[in-house]
Amino acid sequence: MSSRKPWQITGAYVARRLDMLQSPAWRYAPRPMKALLEELEIEHLRHRGAANGELARSYTQFVEAGFKRNTVSEMIRVAEALGFLRVNRNSGIGPRDLRDAHLYTLTYLPTGVARNIAPTDDWKRIKSKEAALRIIENARQPQRRLLPQEVRGAA
């Protein structure tokens, strides 16, 4: 007779804690941001939950998953600003299908090969609806690119 209970979860899963789901950062986050995090959770599960911090995902892969390219950039900024995501933009990934990839860390999940490094839970710093909405609004603003003369310094 099997010791497994009929209701026991089998297969890979990501646990989302109650305090995160009830937080102002999560409650007021845009749905596309949550969908983007789900894509990264899927990548995390593909690596048996042992690659958080090294989740490689390219903009092309997000677009192939159904996101608009400009939405990807915006939702990454929102997720970072709300503290759900950290992005390593200097990852040095080179394979052709990951040419424009970055490495991602989901801050609400443990990291390390043995999952022995506790989550940072950066989202906890947001304490109110007003703070969450202000952060979201600021993060949704398009990033201003510096012109060459601004980089060199106006002469």
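Look a little higher up for the structure.
What counts, and where the lines are drawn
Starting afresh in each chain, residues are numbered from 1 along the sequence in its written order. Only residues with pLDDT of at least 70 get local features here, since the model is predicted, and only at 80 or more are side-chain atom pairs given and counted; chain-wide, interface and lining totals rely on the full set of residues. In computing side-chain values, all of the structure's heavy atoms are included and hydrogens and water are not. Each helix is a run of H or I in the DSSP string that is no shorter than four residues. Each strand is a run of E no shorter than two, and both are numbered from the N terminus. When a residue's accessible area, from a 1.4 Å probe over protein chains only, is under 20% of the maximum for its type it is buried; when over 50% it is exposed; and in between it is partly exposed. Any two strands with at least two DSSP-identified bridges between them are counted as paired. Axes here mean lines fitted to C-alpha atoms, for a helix over just the part in contact, with angles spanning 0 to 180 degrees between N-to-C directions. Throughout, a residue-residue contact means that at least one pair of heavy atoms, one from each residue, lies within 4.5 Å.

1. With respect to the environment of arginine 48
Here is step 1: Relative to the helices and strands, arginine 48 resides in the loop between α3 (31–46) and β1 (55–58).
Here is step 2: Overall, the relative accessible area of 73% leaves arginine 48 in the exposed class.
Here is step 3: Counting along the chain gives 37 residues from arginine 48 to glycine 11, while the straight-line C-alpha distance between them is 9.6 Å.

2. So, the sheet that holds strand β3 (residues 101–106)
Here is step 1: Pairing in this open sheet of 3 strands is antiparallel, and the strands run β1-β3-β2 from one edge to the other. The open sheet has two free edges, formed respectively by β1 and β2 (85–88), since each of these has just one partner strand. Adjacent strand axes in the sheet meet at a mean angle of 40°, parallel and antiparallel pairs treated alike.
Here is step 2: Of the pairings in the sheet, the one linking β1 to β3 comprises 4 bridges and is antiparallel in character. Counterpart to serine 58 in the pairing with β3 is alanine 101.
Here is step 3: Packing of α3 onto the sheet brings it into contact with β1, β2 and β3, and relative to β1 it is tilted by some 130°.
Here is step 4: Sheet strands in contact with helix α5 (residues 69–82) are β2 and β3, and its direction is about 120° off that of β2.

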